[in-house]
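So the chains spell out like this:
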Amino acid sequence: MWLLLGFLCGYSLLSCVQGNEDLGVLCTISEQEIQKAWRDKIIGGGILEKQLKLVQLPNLGYGGGLLGSLLSVTNLRIFSIQFFEISVKLKPNLGSQLIILLKLNVDGNCLLNLLSGLINISVDLRLNVDICLGTFSKETIQFVPNNCSMTVGAINVNLLSGLLPIQAQMLIGNSLRGMLPCLICPVAKEALVQTTIQMFNSINSLAPLGTLGTIRYTLAGSPAITGQTVDLNIIVAVRLMEGGSVNIPANLTPVALPRLDGYMVSLGIHQSFLSVILSILINLSPPVFTCNQEMFSECNQLKNAIFPLIPSSCSPCPSSSPLIVKLVLSERPLILLEDGKATVKLFLIIQLFLQKAHNTFFPLMVLKADLFLKANFVVSGCKLMISLSLESISLSLSSSSVGSIQVSGLNPVISKLLEDLFVPSVNGAGLVGFGANCSRIRTCWPPPSLPT
């Protein structure tokens, strides 16, 4: 049902939410969006059209009476179908009613007295089919057909080789009015149930997380249906390519998705799930670089801020020594949620070394930096893109080879260092985004198909 759910650019309402263990995505889908998905599925040559074309229409035969002549119609077949309108009415806690207006185009052979020719018949139909929720077992939703009613509208009968008497047209039309509901309704009910099951159960899927791992999405239970929306809970399981699974921490905070209010789909991504995905995406190789003006425009300011903190008695610490910087993520990212705002907190270890002769290194100090970054979420194509911008850092001394020193004065230049060199590399992973296999969907989600 990645066909049905939507990451609708400009039409979806996205939020990050806290939630229960294992749950990763919450979806609220409007009746209008479900109707659009049904249209696409049916008009796109789905199961319903294929099954209707296989319906065996009986031969028709008449003799004497008002017609006063022999009439037979044989080899009738439905050769094409036109869909005019497809609408859906949701029934709270029960399922949905599909209303389909269509035209059947039928051809066959007509024998009138001793003259034969090809006959072409068009029949307007209105189908009303109720599809009810069945059981949920082994991550699969079952649906069952309930009522099916059919109204036969206008019937046009044409003999391609000449004119067909009006009485013959009426006889053929009346026969079709009597037989079609019994023939079409059973086929339509079964085809629409199969289509519904196919749409919903396609949520259960395995998607690549670039070259890093996979995410498995499975339905947590039957959808909750109101008069206006369908609500789905989706379980996620993350596995790494090198083996092993990634635990998603439990959080029992109650969840309330935003109101749709003009949107087609409301998607809630659980905070713990998003934190896990971010930790995988930005699990970068620790960047190590020599501080110079080409690499970092404020390298001299960084040196001028660090070297005055070093006691003059430190013999291995000449100010002329090249400064080496290594950045290491120490913990899993944390996403902090507020009303209308998302903040990502990253935990970073900054190791500072001095390069000495013969390519040896003197460990100068280790800083602990907590980064607070504003998170911007954008839906592009079939992917959720995440962009981060540095808002502030909290800096402290973790260890030092030159004694206890005050590092609060390093905040401005370290912030600039991280903003210029570290945040862009993080965004290089986050802006790749995680989204869907677009060949399986019209608009939307399942995450993700990620190059890294």
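These numbers were taken from a predicted model, which means no experiment stands behind them. (Residues numbered from 1 in each chain as written. Predicted model: local features only at pLDDT ≥ 70, side-chain atom pairs only at ≥ 80, totals over all residues. Heavy atoms only, no water.)

S.K.: I keep staring at the layout of surface pockets and nothing clicks. Help me out?
M.R.: With a probe scaled to a water molecule rolled over the atoms, the places where space remains empty come into view. Each pocket or cavity is described by its volume, and for the second largest pocket that value is around 180 Å³. Around the second largest pocket, the lining residues are L212, L240, E242, V246, S279, I280, N283 and R332. Of the residues assigned to the lining of the second largest pocket, the class counts are four nonpolar, two polar and two charged. (1 Å grid on protein atoms, 1.4 Å probe; cavity = no way out; pocket = protein on both sides within 12 Å on 5 of 7 lines; lining within 4 Å. Points joined across faces, edges and corners; volume = space filled by probe spheres on them. Nonpolar A, V, L, I, M, F, W, Y, C, P; charged D, E, K, R; others polar.)

S.K.: What am I meant to see in the pattern of salt bridges here?
M.R.: A side chain with one charge can pair with a side chain of the opposite charge if their charged atoms come near. The tally for this structure, following the rule as stated, stands at six salt bridges. Here E49 ties to K53 by a salt bridge, and the two come within 3.4 Å at their closest N and O atoms. Of the two residues, E49 and K53 are both situated in helix α2 (residues 47-53); the distance of four residues between them amounts to about one turn of the helix. What makes E49 buried here is its relative accessible area of 15%. When the shortest N-O distance is used, the salt bridge between K91 and D130 registers 3.3 Å. Residue K91 is located in strand β4 (residues 71-91), and its partner D130 is located in strand β6 (residues 115-137); the two are separated by 39 residues in the primary sequence. A relative accessible area of 29% means that K91 is categorised as partly exposed. (Salt bridge = Lys/Arg side-chain N within 4 Å of Asp/Glu carboxyl O. Helix = DSSP H or I, 4+ residues; strand = E, 2+ residues; numbered from the N terminus. Buried < 20%, exposed > 50% of the residue type's maximum accessible area, 1.4 Å probe, protein only.)

S.K.: Mind showing me how you'd approach the nonpolar core here?
M.R.: Nonpolar side chains tend to gather and get buried jointly when the protein is soluble and globular. Judged by nonpolar contacts, the single largest core of 128 residues is most densely connected at I172, I350 and I414. With 13 residues, the top contributor of residues to this core is helix α3 (residues 166-201). Lining this core are residues from two domains, each supplying at least three of them: domain 1 (32-201) and domain 2 (270-310 + 318-446). Leaving out residues up to four positions away in the same chain, I414 has contacts with L302, I350, L367, I393 and L395. (Core = buried A, V, L, I, M, F, W, Y, C linked by side-chain atoms within 4.5 Å. Domains from an automatic or database assignment. Contact = heavy atoms within 4.5 Å.)

S.K.: What is the right way to read unusual backbone geometry from this model?
M.R.: Apart from glycine, the bulk of residues carry a negative phi angle, and the bulk of peptide bonds sit in the trans form. Here N75, not a glycine, exhibits a phi torsion of approximately 55 degrees, which is positive. One can find N75 in strand β4. With relative accessibility at 54%, the residue N75 sits in the exposed group. Phi is positive for N93, which is not a glycine, with a value near 65 degrees.

S.K.: How should I be thinking about the side chain of S30 in this particular structure?
M.R.: Position of S30 relative to the elements: it lies in strand β2 (residues 23-30). Separated by 3.1 Å, the side chain of S30 and the backbone nitrogen of E33 make a polar contact. (Polar contact = N/O pair within 3.5 Å; in protein donor to acceptor, adjacent residues only side chain to side chain.)

S.K.: Even after reading the chapter, I still don't get empty space enclosed by the protein, so can you show me in this structure?
M.R.: What the rule picks out here adds up to one cavity of 30 Å³ or more. Of the voids in this model, the largest cavity is the one considered here, and its volume is about 100 Å³. If you go around the largest cavity, the residues you meet are I34, W38, V88, L90, G95, S96, I131, F143, T196, F200, I225 and V230. Of the residues in the lining of the largest cavity, the class split is nine nonpolar, three polar and no charged.

S.K.: I would appreciate a short explanation of the state of the cysteines in the present structure.
M.R.: In a disulfide, the sulfur atoms of two cysteines are held together by a covalent bond. Under the definition given, this model contains two disulfides. Disulfide partner of C148: C185, at an S-S distance of 2.1 Å. Between C148 and C185, the disulfide has an S-S torsion of -80 degrees and is therefore left-handed. You can see C148 sitting in strand β7 (residues 140-159) and its partner C185 sitting in helix α3, a full 37 residues away along the chain. By relative accessible area, C148 is classed as partly exposed at 22%. (Disulfide = S-S within 2.5 Å.)

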